[in-house]
Amino acid sequence: MKITFLGTSAATSYPLVFCRCDFCNQARRLGGKDFRKRSSIIINDDLLIDMGPDIMSASFMHNKSIADIKYCLQTHSHSDHFDASHLSTRVPEYMGVNIPQLQLYGSESTLKKMSEMVKNEGYISSLFDDKDKKRLNLEIFPVKPFQSFQVGKYQVTSFPANHDKPVDSLLYAITEDDFTVFYGTDTNTLSEETWESFQKKNLQFNIVILDHTYGPDTDSGDHLNANRFIEHIKRMKKENLLTENARILATHISHEGNPTHDELSKYAEEHGYETAYDGLVIG
Ligand SMILES: [Zn+2]
Ligand SMILES: [Zn+2]
Ligand SMILES: [Zn+2]
């Protein structure tokens, strides 16, 4: 399994649009790994997690084609994770040719919210309408938390995120052959039910990609900060949920308490994890 990080920032990008805090100023000066686009990854060449607003610029910068995507797992419908304008270009009027059908997965409420967002673009009336699905050349698959399902060659299990509950946000474990990645953003502390389900489903993660929106001793909103991130990793180790050489990566990084990439990476290394960056390829 190959994982390409298209983006690793929180909703606000990093640096934040209108901010001159020390971290944002340093990021503007340093560039490179300190420029973070909105969070999204591609698994191998065909599975996208989150059709976010920056996937096209990421695709150009990191040489990763979006045209090859056959499957999209959507965590939720927040605008830093879903930009309806990408889907709209699949209508015949845009003259796209020779692209595979897209299989789109998400909770039912997320898909409904996405449907409204696509409708507002003015080309279709509903993602749930057969005619419109045909126009977009896609199939939608509403998914419930704790559901295990096959997506092409991947075995996927969804878990409830502790984040934007009204749209039943989801997190995903994706297995190809014997290799499993857990994609855990956006979320605050995982529920006990989720921990139990990891055990029941007999999961062991080779790669964990987890919400790190806020830095050490910084807190706000329905996300993890560095301290709770570390607690989650410790618990995963204790509960034997990680393979021997598992890699743990922080993503969805905001300027609130998260220093520059180099500095954050030093902190992360001390605590047994890594900081992801845009364009990073692993696996
Ligand atoms: Zn987000
Ligand atoms: Zn800032
Ligand atoms: Zn969100």
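Please read all numbers here as calculations on a predicted model, not as lab measurements.

**Student:** When you look at the coordination of the zinc ion (ligand 3) in this model, what are you seeing that I'm missing?
**Tutor:** Each angle at a metal carrying four tetrahedral donors should ideally be 109.5 degrees, and each at a metal carrying six octahedral donors should ideally be 90 or 180 degrees. Every protein donor of the zinc ion (ligand 3) is accounted for by His76 (NE2), His78 (ND1), His163 (NE2) and Asp186 (OD), and the metal-donor separations fall at 2.1 to 2.4 Å. Coordination geometry of the zinc ion (ligand 3): the four donor atoms subtend angles of 93 to 165° at the metal centre, consistent with an arrangement described as irregular. Motif for the zinc ion (ligand 3), donor spacing along one chain: H-x1-H-x84-H-x22-D. In this structure, the zinc ion (ligand 3) is positioned 3.5 Å from the zinc ion (ligand 1), and both are ligated by Asp186. Accessibility expressed as a relative area gives 0% for His76, which makes it buried. Under the relative-accessibility criterion, His78 is labelled partly exposed at 29%.

**Student:** How should a nonpolar patch on the surface be read in this particular structure?
**Tutor:** Taken together, the side chains of Met56, Phe60 and Met61 present a nonpolar region at the surface, about 350 Å² in accessible area. With respect to the helices and strands, Met56 occurs in helix α2 (residues 55–61).

**Student:** Which parts of the structure should I look at to understand the environment of Lys2?
**Tutor:** Inspection of the secondary structure assignment puts Lys2 in the segment before β1 (3–7). The contact partners of Lys2, leaving out residues within four places of it in the chain, are Ile42, Ile43, Asn44, Lys64, Val281 and Ile282.

**Student:** Which parts of the structure should I look at to understand the side chain of Ser158?
**Tutor:** Relative to the helices and strands, Ser158 is located in strand β8 (residues 154–160). Among the polar contacts made by the side chain of Ser158, one reaches the main-chain carbonyl oxygen of Lys144 at a distance of 2.6 Å. In this structure Ser158 touches Val143, Lys144, Pro145, Phe146, Gln147, Phe149, Leu170, Leu171 and Tyr172, once residues within four positions along its chain are discounted.

**Student:** Mind showing me how you'd approach the side chain of Ser107 here?
**Tutor:** The residue Ser107 is located in the loop between β5 (102–106) and α4 (108–119) in this model. Taking the relative accessible area as the measure of exposure, Ser107 reaches 2% and is therefore buried. Reaching out from Ser107, the side chain makes a polar contact with the backbone nitrogen of Thr110 at a distance of 3.0 Å.

Rules used throughout
- What you see as residue numbers is a count from 1 along each chain, following the sequence as written.
- To label them, take the chains in the order written and letter them from A, then take the ligands in the order written and number them from 1.
- Local features are withheld for residues below a pLDDT of 70 in this predicted model, meaning they are given only at 70 or higher, and side-chain atom pairs are given and counted only at 80 or more; totals for whole chains, interfaces and linings count all residues.
- The side-chain quantities take in all heavy atoms of the structure and omit both hydrogens and water.
- Here the coordinating atoms are restricted to nitrogen, oxygen and sulfur within 2.8 Å of the metal centre, or 3.2 Å for Na, K and Ca, and because water is not among them the sites may look incomplete.
- A four-donor site is classed as tetrahedral when every donor-metal-donor angle falls between 85 and 135 degrees; four donors are called square planar, and six octahedral, when trans pairs exceed 155 degrees and all remaining angles lie between 65 and 115, with any other arrangement labelled irregular.
- Accessibility here uses a 1.4 Å probe with only protein chains present; expressed as a share of the type maximum, an area under 20% marks a residue as buried, one over 50% as exposed, and anything in between as partly exposed.
- Residues enter a patch when their relative accessible area is above 30% and they make no salt bridge; the linking distance is 9 Å between like charges and 5 Å between nonpolar side chains (Val, Leu, Ile, Met, Phe, Trp, Tyr).
- Accessible surface area values rest on a Shrake-Rupley calculation with a 1.4 Å probe, where residue burial reflects the displayed protein chains alone.
- One speaks of a salt bridge when a side-chain nitrogen belonging to Lys or Arg is within 4 Å of a carboxyl oxygen belonging to Asp or Glu.
- Helix and strand definitions here come from DSSP, where helices need a minimum of 4 consecutive H or I residues and strands a minimum of 2 consecutive E residues; each element is numbered from the N-terminal end.
- In this analysis, two residues are considered to be in contact whenever any of their non-hydrogen atoms come within 4.5 Å of each other.
- Two N or O atoms count as a polar contact when they lie within 3.5 Å, although within protein this holds only if one can serve as hydrogen donor and the other as acceptor, and sequence-adjacent residues are included solely when both atoms are side-chain atoms.

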